[in-house]
Amino acid sequence: MSHPTPTGPRAAGGRAWVRLALVAQLADLVTFLIAVVLEPALVSFEVGPIGAIYLLGGPVAATAFKLAGLAIVFAALAIYHGRLTRPILLAVAALGFVGAAANVHALLLARHLI
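Because the structure is a prediction, the values reported are computed rather than measured.

1. Digging into the overall build of the protein chain
Of the regular secondary structure elements, the protein chain holds three helices and zero strands. Helices and strands in the protein chain line up, N terminus first, as α-α-α. Here the protein chain, with 114 residues, has 27% of them falling under the buried criterion. As displayed, the protein chain has an accessible area near 7500 Å², and 75% of this comes from carbon and sulfur atoms.

Written as structure tokens, this is what we have:
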């Protein structure tokens, strides 16, 4: 049984959540890469596997890992259209923005700017 593809404001609102989550996660990735390029010691403070992957394979490997993870999450959400989709996207966005803010904060601390 297939579900019809939503159209109109509801579909546009759903796409907005996807864009928000994607922008947040890309902001996290970009700020991470900037921070560790400018202050390589910051990679040791990274929580999760991306720091280790950066140490093993550099920025290309870290970027590929992050993009692969995002592709899996968004593919799963594209397949599953349930009432939890929006809260999951909100959580993905929140984690991305918190990660980006933490990366900027760490860089500013390392540079003695705050």
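2. Details of the layout of surface pockets
Reported here for the second largest pocket is a volume of approximately 440 Å³. Together, 19 residues line the second largest pocket, and D28, F32, E46, V47 and I50 are the ones closest to its centre. Only α1 (9–38), α2 (49–79) and α3 (85–110) provide two or more residues apiece to the lining of the second largest pocket. Across the lining of the second largest pocket, the residue classes tally to 12 nonpolar, four polar and three charged.

3. A look at a nonpolar patch on the surface
On the surface, a nonpolar cluster with roughly 440 Å² of combined accessible area is contributed by V104, L108, L109, L113 and I114. With respect to the helices and strands, the residue L113 is situated in the segment after α3. Overall, L113 belongs to the exposed group, its relative accessible area being 60%.

4. Description of the packing of aromatic side chains
Evaluated as defined, the whole model comprises one aromatic pair. For the ring pair F32 and Y54, a centre distance of 5.7 Å and an interplane angle of 85° mean the geometry is edge-to-face. Pair noted here: F32 is in helix α1 and Y54 is in helix α2, with a separation of 22 residues, a long-range link. Assessed through its relative accessible area of 4%, F32 is described here as buried. Given the relative accessible area of 15%, Y54 is considered buried.

5. Structural notes on the nonpolar core
Counting residues in each nonpolar core, the largest one holds 11 residues, listed as L29, F32, L33, A35, V36, L42, V43, I50, Y54, A62 and L107. When contributions to this core are tallied by element, the ones reaching two or more residues are α1 and α2. Here this core takes five residues from α1, the largest share from any one element. When neighbours within four sequence positions are excluded, L42 is seen to be in contact with A35, V36, A106, L107 and A110. A21, L70, L77 and L89 belong to the second largest nonpolar core, which has eight residues in total.

Reading guide: rules and limits
- Residues numbered from 1 in each chain as written.
- Predicted model: local features only at pLDDT ≥ 70, side-chain atom pairs only at ≥ 80, totals over all residues.
- Heavy atoms only, no water.
- Helix = DSSP H or I, 4+ residues; strand = E, 2+ residues; numbered from the N terminus.
- Buried < 20%, exposed > 50% of the residue type's maximum accessible area, 1.4 Å probe, protein only.
- Areas by Shrake-Rupley, 256 points an atom, 1.4 Å probe, with all protein chains shown as cover.
- 1 Å grid on protein atoms, 1.4 Å probe; cavity = no way out; pocket = protein on both sides within 12 Å on 5 of 7 lines; lining within 4 Å.
- Points joined across faces, edges and corners; volume = space filled by probe spheres on them.
- Nonpolar A, V, L, I, M, F, W, Y, C, P; charged D, E, K, R; others polar.
- Patch = residues over 30% accessible without salt bridge, like charges linked within 9 Å, V, L, I, M, F, W, Y side chains within 5 Å.
- Salt bridge = Lys/Arg side-chain N within 4 Å of Asp/Glu carboxyl O.
- Phe/Tyr/Trp six-rings, centres within 6.5 Å; stacked < 30°, edge-to-face > 60°.
- Core = buried A, V, L, I, M, F, W, Y, C linked by side-chain atoms within 4.5 Å.
- Contact = heavy atoms within 4.5 Å.

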